[in-house]
Amino acid sequence: MAREVRDADVIGKTGLYYIDVCEKLNTTKASFLTHVSSMQANYVGVDADAISNVLINAINRVDELVEVLTYYSKYMLATAKYDTDNIDNATKKIRSKNTMQPVTPPEEILLQNMEGEVTNESEQIEY
């Protein structure tokens, strides 16, 4: 059975991208509302009020999109942080287990013969 692997960097970058998109949407919404209020100041009448109300209601629906994108961006950033922390903890555990194993001293490594057996110094010296 294959294991599914997540890429924390890509997930985190996507979360940051969604945050950037939300900021741009809010900026665009504010600009659009400024233009609508400018239109209301210049045009007076029943039709102008009706058109401006339709436009304001339409642009206010952007808030729902921003809310959804904000939710997903927070979710993706939390997932990326969890994955990164999980990898860091696993790496620390592996390193601590590796340091707990007995390390072969360099002199014993030098004294190994071709078959991989450890020999004593006294066995190597022949008089």
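Residues numbered from 1 in each chain as written. Predicted model: local features only at pLDDT ≥ 70, side-chain atom pairs only at ≥ 80, totals over all residues. Heavy atoms only, no water.

Concerning the overall build of the chain
When helices and strands are counted, the chain shows five helices and zero strands. Going through the 127 residues of the chain one by one, you find that 15% of them count as buried. Taking the contacts inside the chain whose residues are at least 6 apart along the sequence as the reference set, 68% of them involve residues at least 24 apart. Accessible surface, the chain: about 10,800 Å² in total, of which carbon and sulfur atoms supply 58%. (Helix = DSSP H or I, 4+ residues; strand = E, 2+ residues; numbered from the N terminus. Buried < 20%, exposed > 50% of the residue type's maximum accessible area, 1.4 Å probe, protein only. Contact = heavy atoms within 4.5 Å. Areas by Shrake-Rupley, 256 points an atom, 1.4 Å probe, with all protein chains shown as cover.)

Focus: the side chain of Ser73
Position of Ser73 relative to the elements: it lies in helix H3 (residues 62-100). Given a relative accessible area of 1%, Ser73 falls into the buried group.

With respect to helix H1 (residues 8-42)
Look at H1: 51 Å from first C-alpha to last across 35 residues, which is about the 51 Å you get at 1.5 Å a residue. When H1 is considered as a whole, its buried residues turn out to be Ala8, Ile11, Gly12, Gly15, Cys22, Lys29 and Val36. A side-chain oxygen of the first residue of H1 lies 3.2 Å from the backbone nitrogen of Asp9; this N-cap is Asp7. (Expected span 1.5 Å × (residues − 1). Polar contact = N/O pair within 3.5 Å; in protein donor to acceptor, adjacent residues only side chain to side chain.)

What to know about the packing of aromatic side chains
Per the stated rule, a full pass over the model turns up two aromatic pairs. Their ring planes at 45° and their centres at 6.2 Å tell us that Tyr17 and Tyr18 sit as a pair that is tilted. With a centroid separation of 5.5 Å and 75° between ring planes, the pair formed by Tyr71 and Tyr72 is classed as edge-to-face. Accessibility expressed as a relative area gives 42% for Tyr72, which makes it partly exposed. (Phe/Tyr/Trp six-rings, centres within 6.5 Å; stacked < 30°, edge-to-face > 60°.)

Looking at the nonpolar core
One finds Cys22, Ile59, Val62, Val66 and Leu69 forming the largest nonpolar core, which totals five residues. With three residues, H3 is the single largest residue contributor to this core. Contacts of Ile59, omitting those with residues within four sequence positions, involve Lys29, Phe32 and Leu33. (Core = buried A, V, L, I, M, F, W, Y, C linked by side-chain atoms within 4.5 Å.)

Re a nonpolar patch on the surface
Together, Val68, Tyr71, Tyr72 and Tyr75 give the surface a local cluster of nonpolar side chains, amounting to about 450 Å² of exposed area. When you line up the elements, Tyr71 lands in helix H3. Note on Tyr71: relative accessible area 53%, which makes it exposed. (Patch = residues over 30% accessible without salt bridge, like charges linked within 9 Å, V, L, I, M, F, W, Y side chains within 5 Å. Salt bridge = Lys/Arg side-chain N within 4 Å of Asp/Glu carboxyl O.)

Regarding the pattern of salt bridges
If you walk through the whole model with that rule in mind, you get five salt bridges. With its nearest N and O atoms 3.5 Å apart, the salt bridge here joins Lys24 to Asp20. Residue Lys24 and its partner Asp20 are both found in helix H1; the two are separated by four residues, about one turn of the helix. Since its relative accessible area comes to 52%, Lys24 is described here as exposed.

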